[in-house]
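The primary structure of each chain is shown beneath.
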There are 6 protein chains.
Amino acid sequence: MRILVVNPNTTASMTETIAASAKLAASFGTEIVAVTSAMGPASIEGYYDEAFAVPGLLAAIAESERSGADAAVIACFDDTGLDAARAMASIPVLGICEAALSLAAFVAQRFTIVTTLERSRVPIEGLVQRYGMATRCKVRAADIPVLSLEDPASGAGERLREEIIVALEEDRAEAIVLGCAGMADMARELQAEYGVPVIDGVSAAVRQAEALVALGLMTSKRGAYATPLAKPYSGMLKSFEPSGGAA
Amino acid sequence: MRILVVNPNTTASMTETIAASAKLAASFGTEIVAVTSAMGPASIEGYYDEAFAVPGLLAAIAESERSGADAAVIACFDDTGLDAARAMASIPVLGICEAALSLAAFVAQRFTIVTTLERSRVPIEGLVQRYGMATRCKVRAADIPVLSLEDPASGAGERLREEIIVALEEDRAEAIVLGCAGMADMARELQAEYGVPVIDGVSAAVRQAEALVALGLMTSKRGAYATPLAKPYSGMLKSFEPSGGAA
Amino acid sequence: MRILVVNPNTTASMTETIAASAKLAASFGTEIVAVTSAMGPASIEGYYDEAFAVPGLLAAIAESERSGADAAVIACFDDTGLDAARAMASIPVLGICEAALSLAAFVAQRFTIVTTLERSRVPIEGLVQRYGMATRCKVRAADIPVLSLEDPASGAGERLREEIIVALEEDRAEAIVLGCAGMADMARELQAEYGVPVIDGVSAAVRQAEALVALGLMTSKRGAYATPLAKPYSGMLKSFEPSGGAA
Amino acid sequence: MRILVVNPNTTASMTETIAASAKLAASFGTEIVAVTSAMGPASIEGYYDEAFAVPGLLAAIAESERSGADAAVIACFDDTGLDAARAMASIPVLGICEAALSLAAFVAQRFTIVTTLERSRVPIEGLVQRYGMATRCKVRAADIPVLSLEDPASGAGERLREEIIVALEEDRAEAIVLGCAGMADMARELQAEYGVPVIDGVSAAVRQAEALVALGLMTSKRGAYATPLAKPYSGMLKSFEPSGGAA
Amino acid sequence: MRILVVNPNTTASMTETIAASAKLAASFGTEIVAVTSAMGPASIEGYYDEAFAVPGLLAAIAESERSGADAAVIACFDDTGLDAARAMASIPVLGICEAALSLAAFVAQRFTIVTTLERSRVPIEGLVQRYGMATRCKVRAADIPVLSLEDPASGAGERLREEIIVALEEDRAEAIVLGCAGMADMARELQAEYGVPVIDGVSAAVRQAEALVALGLMTSKRGAYATPLAKPYSGMLKSFEPSGGAA
Amino acid sequence: MRILVVNPNTTASMTETIAASAKLAASFGTEIVAVTSAMGPASIEGYYDEAFAVPGLLAAIAESERSGADAAVIACFDDTGLDAARAMASIPVLGICEAALSLAAFVAQRFTIVTTLERSRVPIEGLVQRYGMATRCKVRAADIPVLSLEDPASGAGERLREEIIVALEEDRAEAIVLGCAGMADMARELQAEYGVPVIDGVSAAVRQAEALVALGLMTSKRGAYATPLAKPYSGMLKSFEPSGGAA
């Protein structure tokens, strides 16, 4: 089985972190294809960056589907472009926030997401609401820029740990969810430090993607995720024009 | 006061319908600038089209802000790109779904949105949930393609009326919200026919935009809608690279 | 267009504050008629006062409708008597809490209402719940009696500012809603001080009332707001007896 | 123990129906004092009537408290004036909707309220929402005027039965709640006919009132139900002016 | 009328505390039969203990029903086994959490449950959610083992009082609900100390049980609480095999 | 990796159906140990059966954990005993309802559970609510006894298909979730018939269990799932007495 893991920002070093976690998580026999988006923002910090990450990640998913990928993972905790990708692709597509929350819910009744910047907190709260976890899950920001996670000297790890401690004490969190793909490599270490489950969404999504493929479950093409209808697209986005499907 | 009304699809004839409604709704002294998106899908029918409508509508808003617009209205009932636009712009930005629901709530306790295609029903239900109207508002699809609204021979008007009648009888709707910008010109006629308030989102948004401007209310730049941080964008979307703001 | 703004308490000096804000907010060509309720409590602080403010405000609305008003605004943040007024009148009726929240939602994802007394906090939380804003909006009380807002020496302004600062820091509010009609004149000043949108409900309601009138939207008489049925009323409230309408 | 049961409409024949049910429900040793409101509407059908029923019912409760009643029941299914009464009185005050729902929840997971007129359906849905029963309880209207329940020839009983059957079949209701005080005498008969619990709010409220009195539980005077503050009331409502309490 | 009050843990001294409160709460003419479960855990602290308390409490309810009890109360604040008991028995069955919350809601808009151990906090939050009280009710743990309530020297009373004070100050609780059957004897004393309603679930449930019996309300056997179908049970639980009922 | 799949009813033929699906779903290298509960009901149809299925399933999980299982799946769609099992065990425990819903949410926005008997519908709606899926997921009963699924001549398959068709048409379901472990072998066939994703909870739970084990995620022992405290158990359940853990 082949699973695409697309980093929807254009920072290749973060793709490496993500790829390493994805490969560690994958079953024997699963091939992980990690791809950096070919266009758009260098990091995704808020709604504006999100919007411009979508064409690149959809292009990557479309291409990998054509070349035989069985499932795709969008490795950004905002689950950027997830609905559009599910409508576009035939293969299953996973977001790392949704995947992480689903595993967290199996091992804890109350948990806290610790993300990067304050500006991402409310958008993630929106996802938590949408995924039905609002009574169980809080969101905190550690005030660390996304790319600072790539830089050991940035102090990002310390800030993250401080916020985890607040989550354990004030929220009485029973588990921690890491709220950024760039934290994917830290889950096991933090779990050992704090003695509670620490969930990385990249790993979670890879495993959930495998589950869907193994069980023969594809995105429903009935209703909200129906195949895009054929119609003209114009301007620089012409190449994304859908060739059609049933209404 | 100058208000941009952007049609986020590329169909100029629909922009004309929208512009006419916007001008009819505007106060004396308000200039309506109606713009057709310069890139993207010819109509927005589902999540995929939505995603590719965003760059074009953001470009239109950014340009109009630079040339002195006081507020912007996104004339698609999916409130496409609304969060990104609010983060990007300093001027207030309105979506027509949110604006229509807010006026509907002032004149009725229970109401029903009648939209175009079934594939748009669930996305709009997501907006209804997000805007806190889920206990008051149902969503129905009349099974009419968006652009059929431009064609008097399409029978779209009849289908729309059939669904309004079902909404009045089965949902016991006290008001009807028209769930597509392309229906903007039909509100007054349908209101006369059915004797209940019929709300068009384009008109609603123009008036709400005027209200915000008159009262000196701009989008908060604290938290979720903070100005996008400066960072490199690459590829065909390079031109959207943000020049920065406070973290 | 003529809009009634009724102060449902009997304190004329507060009506002046309200009238000034309403006039400042109104469009060119809108006539604001500000009326002090002719009976009932001198200020509305809790459920009991609310109940006895209703006859006076309904009398004022009925009279102004007879003399040609196009819409009415109830200038008390508890939205006192709003449902009864909508059932009674043909013209649109706005409450200032509902109107303020609808504008706040256009400019911020998270906001906090700062009201006067603790005893009003839970009733306003009930409104926030009813209007679908519970996940986005907190309510705080500054512990200031309503009429102290009329007295510059009362220290009410200082207490209000202290609570706004708490809202910004602890709630991470992106905007502030002023939770009493008596604060209507402070919005612009506070907005300048704190750099976030500060919304006054009186101004918001005036503008929303104009929007409804301009768009030809009246309260639905189907369902919950159906015209009161003709029936005998007795005792001191005899004069409010409804002359009837369709069941 | 003495319990006031106030019929907040002015129709004495309905008070008799209510009084009979209340007396049947009361424990040995409980005195039921049934009072018809001295002012206001002859029946309560919608928000407008509700508002004008409040002064009369508050007067009745205040007077009975002065003369030694231990608790009060407001015998209208809209729970008219309940919050104001709780703020005003020291003795516990029960609404029959809230009381009926609490007993229904002890004997069934899903139940349906059958009320009189369609115009009362949405207001009662608001109560169901407020009392936290929205996932368990539906509301239906049998389209019968309140006072037709007093007239055996009106066919009201037949219409009520028709709607109960729909509730059992379509809602899969496990129990029925009678949604009008005027139906108080029909509960046992309907229960025998349909073989499911049928709950009358008047009886439920009398028993809940007894429970509160026996256990020494009075309305909290901390927060939302704090004693009304002393202040001038003017006009015809002057007599309701509160003499004060702690802020 | 005879009411079974079953202590679902096996600690007889706690049954005495419970019995005393139940008898104090009961009406003249009500016989309280207090029973200690014959099998299972000595105290119920978390989900695991809960599961093993169920057979014993169901056995006690079945036996008391056979010998003529009119209703049953399960005296554990987790409402352990409540759904199974309602399905099994013909007589009404009350849980003390549900009963306490229903009375609390009649005397306060906002209240806080103070329970024993942190591990019981989230399970009780689950009940609060299920009973529709999540917007009104907080849950706190005083960190006192259940059986320490039986030991005056344990300091449990002091810890409980500390947490009540936090609830009053931080939650702005208007009433307190005692979150353990073992606290049943403390309600009146604490109410006197803090000047707010303090609700004990055992007393509340006894009174609610009386209400149901007096009004002829039995658990609905339609739907979720249908009589268990006849079928073989094997192993040590063979004796609980149901003899059948309608599907 | 070794995964226990426990059938919490005592019908061995159903265990075979479950085991076959579990094995088909498992990854290469995963050993499935399918166990029939040694005590309790022959099928689980409603709350009463559920309660008596718990000791047997907990015994099976405890024993398999001692003999080296890495995770456990409870193969009953009511997620019987799930919380107690998570508190008891160190290894992860999955319920098939929760697992099925989490996969359904990855492939569809709206879906319907089709279960066996009407009496199980409301309990499953309770789970849907708890798992945060109430806005997305409906529950229907096909009116087929659980064990009729084992009998090809029972017509159960036809009834199930009829209800699936109603779900697709009336609920506009985009996917179907099979609401009974006894339907585990039908998912692929039904998926082929109806062209929408059909999810079997047994397969889903096996894959989710593998994911948790592979990622090193164990049930949090902080908070609600803390290890049961040591304490005496008496009577026939003595053998389940916990030997203790940290408070």
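The rules behind these values
Residues numbered from 1 in each chain as written. Chains lettered and ligands numbered in written order. Predicted model: local features only at pLDDT ≥ 70, side-chain atom pairs only at ≥ 80, totals over all residues. Heavy atoms only, no water. Contact = heavy atoms within 4.5 Å. Buried area = accessible area lost by both parts, 1.4 Å probe. Salt bridge = Lys/Arg side-chain N within 4 Å of Asp/Glu carboxyl O. Polar contact = N/O pair within 3.5 Å; in protein donor to acceptor, adjacent residues only side chain to side chain. Helix = DSSP H or I, 4+ residues; strand = E, 2+ residues; numbered from the N terminus. Nonpolar A, V, L, I, M, F, W, Y, C, P; charged D, E, K, R; others polar. Buried < 20%, exposed > 50% of the residue type's maximum accessible area, 1.4 Å probe, protein only. Pairing = 2+ DSSP bridges. Axes fitted to C-alpha atoms, helices over the stretch in contact; angles between N-to-C directions. Parallel < 35°, antiparallel > 145°, perpendicular 65-115°, else oblique. Left-handed = near helix turned anticlockwise from the far one by under 90°. Least-squares fit on C-alpha atoms with pLDDT ≥ 70 in both.

Chain A is annotated in an unreviewed UniProt entry as Hydantoin racemase from Nitratireductor aestuarii.

Let's hear about the interface of chain C and chain E: which residues, and what values?
Listed per partner, the contact involves 6 residues of chain C and 5 residues of chain E. Regarding the contact of chain C and chain E, the summed buried area is about 480 Å², with carbon and sulfur atoms giving 41% of it. Taken together, chain C and chain E are joined by 2 salt bridges. Run the count over chain C and chain E and you get 3 residue pairs in polar contact (both at pLDDT 80 or more). Of all the elements, helix 5 (residues 121–130) of chain C adds the most residues to the side of chain C that touches chain E, at 4 residues. Here the residues of the side of chain C that touches chain E are counted per class, giving 2 nonpolar, 1 polar and 3 charged.

Any chance you could break down the pairing of strand 4 (residues 71–74) of chain E for me, citing the residues and the numbers?
Residues and elements named next belong to chain E. The two faces of strand 4 match: Ala71 and Val73 on one face and Ala72 and Ile74 on the other face are all buried. Relative to strand 4, strand 1 (residues 2–7) runs parallel, the two sharing 4 bridges. Each residue of the ladder has a partner; that of valine 6, found in strand 4, is isoleucine 74. Judged from the 3 bridges that link them, strand 4 and strand 5 (residues 93–95) form a sheet pairing that is parallel.

Describe the interface of chain B and chain A, naming the residues involved and giving the relevant values.
Between chain B and chain A, the contact holds 44 residues from the first and 44 residues from the second. Between chain B and chain A lies a buried interface of about 3700 Å² when both sides are counted; carbon and sulfur atoms form 66% of it. Taking the shortest distance from any N to any O, the salt bridge between glutamate 45 of chain A and lysine 231 of chain B comes out at 2.7 Å. Our count for the contact surface shared by chain B and chain A stands at 16 residue pairs in polar contact (both at pLDDT 80 or more). For the side of chain B that touches chain A, the elements supplying multiple residues, two or more each, are strand 3 (40–41), helix 2 (47–66), helix 3 (82–88), helix 5 (118–130) and strand 10 (233–234) of chain B. Per-element tally for the side of chain B that touches chain A: the top contributor is helix 2 of chain B, with 8 residues. Grouping the constituent residues of the side of chain B that touches chain A by class yields 31 nonpolar, 8 polar and 5 charged.

How would you sum up the packing of helix 6 (residues 156–170) of chain F against helix 7 (residues 187–194) of chain F? Please name residues and give values.
Pairs of packed helices are described in terms of their axes, by the angle between the two and the distance that separates them. Residue and element names in this part refer to chain F. The interhelical angle for the contact between helix 6 and helix 7, taken along N-to-C directions, is 50°, at an axis separation of 12 Å. Relative to helix 7, the element helix 6 is oriented oblique. In this structure, helix 6 meets helix 7 at a crossing whose hand is right-handed. Residues Leu160, Arg161, Ile164, Ile165 and Leu168 of helix 6 touch helix 7, and the partners they reach there are Glu189, Leu190, Glu193 and Tyr194. Across the contact of helix 6 with helix 7, the residue classes tally to 6 nonpolar, no polar and 3 charged.

Residue-level account of the pairing of strand 6 (residues 111–115) of chain B, with values.
Residue and element names in this part refer to chain B. Most of strand 6 is tucked away: 5 of the 5 residues are buried. Burial along strand 6 is two-sided: Phe111, Ile113 and Thr115 facing one way and Thr112 and Val114 facing the other are all buried. Where strand 6 meets strand 8 (residues 175–178), 4 bridges bridge the pair, whose relative direction is parallel. Bridge pairing in strand 8 links isoleucine 113 to valine 177. Across 5 bridges, the pairing between strand 6 and strand 7 (residues 137–141) is parallel.

How would you summarise the relation of the copies chain C and chain E if you had to cite specific residues and measurements?
If you rotate chain C by 120° and push it 0.0 Å along the axis, it lands on chain E with an RMSD of 0.0 Å. This pairing of chains is accounted for by a three-fold axis. Considering only C-alpha atoms, the part of chain C nearest the rotation axis is threonine 135 of chain C, at 6.3 Å.

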